[in-house]
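Close look at the chain arrangement
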There are 2 protein chains.
Amino acid sequence: MELHGGNIYKLKREKGIEVLDYSANINPMGLSDRLKEAVIENLSILEKYPDPDYLEMKEVIAKHNKVEVENIVVGNGATEIMFLYAKNLKPKKVLIVSPTFAEYERALKTVNCEIDYFQLKEDEDFILNLPRLQETLDRTYDLLVVCNPNNPTGKFIDKLILNDLAVYCKNKGVSILLDEAFIEFVDGSMERSLVEYRHENVFIVRALTKFFAIPGLRLGYGITFDEKLKGKIEGNREPWSVNAIAELATKVLLEDSEYIKKSEDWIREEKRFMYEGLEQIKGIKPYVTETNFILVKLINDMKVEEFRGKMISLGVLVRDASNFNYLDNRYFRLAIKDRENNKKVLRCVEDAIR
Amino acid sequence: MELHGGNIYKLKREKGIEVLDYSANINPMGLSDRLKEAVIENLSILEKYPDPDYLEMKEVIAKHNKVEVENIVVGNGATEIMFLYAKNLKPKKVLIVSPTFAEYERALKTVNCEIDYFQLKEDEDFILNLPRLQETLDRTYDLLVVCNPNNPTGKFIDKLILNDLAVYCKNKGVSILLDEAFIEFVDGSMERSLVEYRHENVFIVRALTKFFAIPGLRLGYGITFDEKLKGKIEGNREPWSVNAIAELATKVLLEDSEYIKKSEDWIREEKRFMYEGLEQIKGIKPYVTETNFILVKLINDMKVEEFRGKMISLGVLVRDASNFNYLDNRYFRLAIKDRENNKKVLRCVEDAIR
């Protein structure tokens, strides 16, 4: 499995190359100054165990999402949340809307369920075909997995549509694992989340990792309105899995409205700039994105291995997207960062494609 | 379950009381200055994913233990290591040397094995009776769990004896989970570890948490010489479970020889001071300890709930040890900290016991 963000270490070790990392989708604004100050001022929190109940942290998250503390589960990154969900829901037969992030499959495989895939089709521009999905969702599935906005396609399903799907699933006895790890990058941000409908059969996964540029900190949470499931997860989780700096960061970051506002403005500008820039380049086809990364298809004769190699020699790491389900060796994914680097990357893509 | 270290938050929330925490066994030297500087200088590491292979981190740990990188597994605290070990070893029938840390049982219960306890007896001063243990270890067990030095008794089993036990177990097909989370506090420190014998059937758990006073950071590791088990664990672990600051801390702390030396000198002095101080107080019996905490028995008519309540009203939180297997409501555990606080706590114990 190609892990996002991991390859910069391997490249450095094996080839001695430092690259601009466009394979990991992290807010280019970097660490919030308020977080930096808070960490430096509060380093001594490391000398104590975190609150095993993570109560203050949950209060801030609950407020941010307009829900109650009882609806929140915290974890060492969204990954822990997904593994905990799989372990405690114990689904028998799962349908994953694909191509998508491979980690759902990995988490679900630990509980030995049967896994099927619902294909987002290229000739439908990777947009979710709801009638076709509902047809597929007969009684034999007990879990549907949806990433929204979806990684790697960048497509976003409006909450009104998702709400219909959630009701449909509820009537069929199907749970939904809804990964909203990139929701803050969508125009309208948190207002676009499904959370307000408080569906008991929908478990929402979030991370502070991407939007707040803290992948090194490990900080994810889940929102659930299913009391029984919540109880099981809390009963089975490892104590203190969230470190004290992540605990502090949650409180600081979710209230850093300046950082949030600036980031939202940046992504609104740059996702258009990047798409339009890529559209100008012959030999590739970018797909319209609603988030901070963009899926691109090579439509000349070049294969992604060759393209990726050329980009590395130009100093840029892109994400080979060929190992996503239903994609092949013509696809790659690019992060969207600040204007200066985006310009540089556009020039490199143009050079590499020739 | 009463979690170590957690109660200070509950006390503060529910009663508004700030106490001196003698329930958690943390090095009173606090955060190493070198770590503080390193974190402040390198905050931007949070903006990148950690190395998914944690290679540099493992190199430092391997060197520290005079083993190879291949022998090291890293985790989000010793807790994650224990859960990973249980999940991948999948033992059928386990014998836990008790009273001991409750987390082994919790981790093992997630894999539904049968659990028995081997009693460390008070009339044997809680010292391991090897012949009696060997008798108990017939072919029906496939895992033995030993904490060394043992929490809460403070007793340490010499590596020559443990080596005999490991060989005995190997011949019987029994694996050993050996928790050495407090080994650095034993006189002679790492030189007293079983690691040098490189037993394939012994999995050693370590944490930097206690000795380096970073319980808020979550940082543990395992040492194994069983290639197959190592492969399974690496294959099943969640990616990036160790945060980037913990990764950095490992490199800084294990090479901070000044901090290590000072801590070793402190604990050598203070464990004697604390034992001798407690021995002078009528109505209690302290047990000789080889580490940084001490088990104490109330031998007047007082019960531990009452004693603990009195101590809280005097501003000190002790660990009620009555919920450890084979102990009852006459036992409590005290951390050992710096001289000034130790003196204060001794005075409080004397006041509370009257």
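Given the structure is predicted, the values throughout are model-derived calculations rather than measurements.

On to the relation of the copies chain B and chain A. Between the two copies of the chain lies a rotation about an axis combined with a shift along it. Least-squares fitting of chain B to chain A yields an RMSD of 0.0 Å, with the transformation described by 0.0 Å of translation along the axis and a rotation of 180 degrees. Such values leave the two copies arranged in the relation of a two-fold axis. Residue Ile40(B) of chain B places its C-alpha closer to the rotation axis than any other residue of that unit, at 3.1 Å. Most of the interface of chain B is mirrored in chain A: 100% of its interface residues are interface residues there too.

Through backbone hydrogen bonds, the strands of a sheet pair up, either in parallel or in antiparallel fashion. All names here are of chain B. If you trace the 7 strands from one edge of the open sheet to the other, you get β2-β8-β7-β6-β5-β3-β4, paired in mixed fashion. One side of each edge strand has no neighbouring strand; the edge strands of this open sheet are β2 (72-75) and β4 (114-119). The mean inter-strand angle of the sheet, taken between neighbouring strand axes irrespective of direction, is 20 degrees. Where helix α4 (residues 77-89) meets the sheet, it contacts β2, β5 (143-147), β6 (175-179), β7 (202-207) and β8 (220-223), and its direction lies at approximately 160 degrees from that of β7.

Another point: the state of the cysteines. Put plainly, two cysteines are in a disulfide when a covalent bond ties their sulfur atoms together. Residues and elements named next belong to chain B. By the definition in use, this model includes 0 disulfides over all chains. We note that Cys169 lacks a disulfide partner, and the nearest cysteine sulfur, in Cys113, lies 16 Å from it. For Cys169, a relative accessible area of 0% puts it in the buried group.

With that settled, consider the domain arrangement of chain A. Residues and elements named next belong to chain A. Along its sequence, chain A is carved into domain 1 (7-31 + 258-353) and domain 2 (33-255). Between domain 1 and domain 2, the C-alpha centre-to-centre distance is 25 Å. For the domain 1 face of the interface with domain 2, the top three residues by lost area are Leu31, Glu290 and Tyr326, together amounting to 25%. Remark: the boundary between domain 1 and domain 2 carries 2 salt bridges. With its nearest N and O atoms 2.8 Å apart, the salt bridge here joins Arg268 to Asp187. At the junction of domain 1 and domain 2, the tally comes to 13 residue pairs in polar contact (both at pLDDT 80 or more).

The next subject is unusual backbone geometry. For residues other than glycine, phi is negative in most cases, and the peptide bonds are mostly trans. All names here are of chain A. Here the residue pair Ser98 and Pro99 is connected by a cis peptide bond, since its omega of 5 degrees sits within 30 degrees of zero. Of note, Asn112 is a non-glycine position whose phi angle comes to about 55 degrees, a positive value. Mapped onto the elements, Asn112 comes out in the loop between α5 (103-109) and β4 (114-119). Residue Asn112 is classed as exposed on the basis of its relative accessible area of 70%. Even without glycine at this site, Arg218 takes up a positive phi of about 65 degrees. When you line up the elements, Arg218 lands in the loop between β7 (202-207) and β8 (220-223).

Turning our eyes to something else, we now look at the packing of α4(B) against helix α8 (residues 227-236) of chain B. Between two packed helices, the angle of one axis relative to the other and the distance separating the axes together describe the packing. All names here are of chain B. Interhelical geometry of α4 versus α8 gives an angle of 115 degrees and a closest axis separation of 9 Å. With respect to each other, α4 and α8 are oriented roughly perpendicular. The handedness of the crossing between α4 and α8 is right-handed. The residues of α8 that touch α4, namely those facing Leu84, Tyr85, Asn88 and Leu89, are Leu229, Lys232, Ile233 and Asn236.

Looking now at the confidence of the model for chain A. Taken over all residues, the pLDDT of chain A has a mean of 94, while the share at 70 or more is 98%. The ipTM value of the predicted complex is 0.85, and its pTM value is 0.89.

Cut-off values and rules
Residues numbered from 1 in each chain as written. Chains lettered and ligands numbered in written order. Predicted model: local features only at pLDDT ≥ 70, side-chain atom pairs only at ≥ 80, totals over all residues. Heavy atoms only, no water. Least-squares fit on C-alpha atoms with pLDDT ≥ 70 in both. Contact = heavy atoms within 4.5 Å. Pairing = 2+ DSSP bridges. Helix = DSSP H or I, 4+ residues; strand = E, 2+ residues; numbered from the N terminus. Axes fitted to C-alpha atoms, helices over the stretch in contact; angles between N-to-C directions. Disulfide = S-S within 2.5 Å. Buried < 20%, exposed > 50% of the residue type's maximum accessible area, 1.4 Å probe, protein only. Domains from an automatic or database assignment. Buried area = accessible area lost by both parts, 1.4 Å probe. Salt bridge = Lys/Arg side-chain N within 4 Å of Asp/Glu carboxyl O. Polar contact = N/O pair within 3.5 Å; in protein donor to acceptor, adjacent residues only side chain to side chain. Parallel < 35°, antiparallel > 145°, perpendicular 65-115°, else oblique. Left-handed = near helix turned anticlockwise from the far one by under 90°. pLDDT = per-residue confidence, 0-100.

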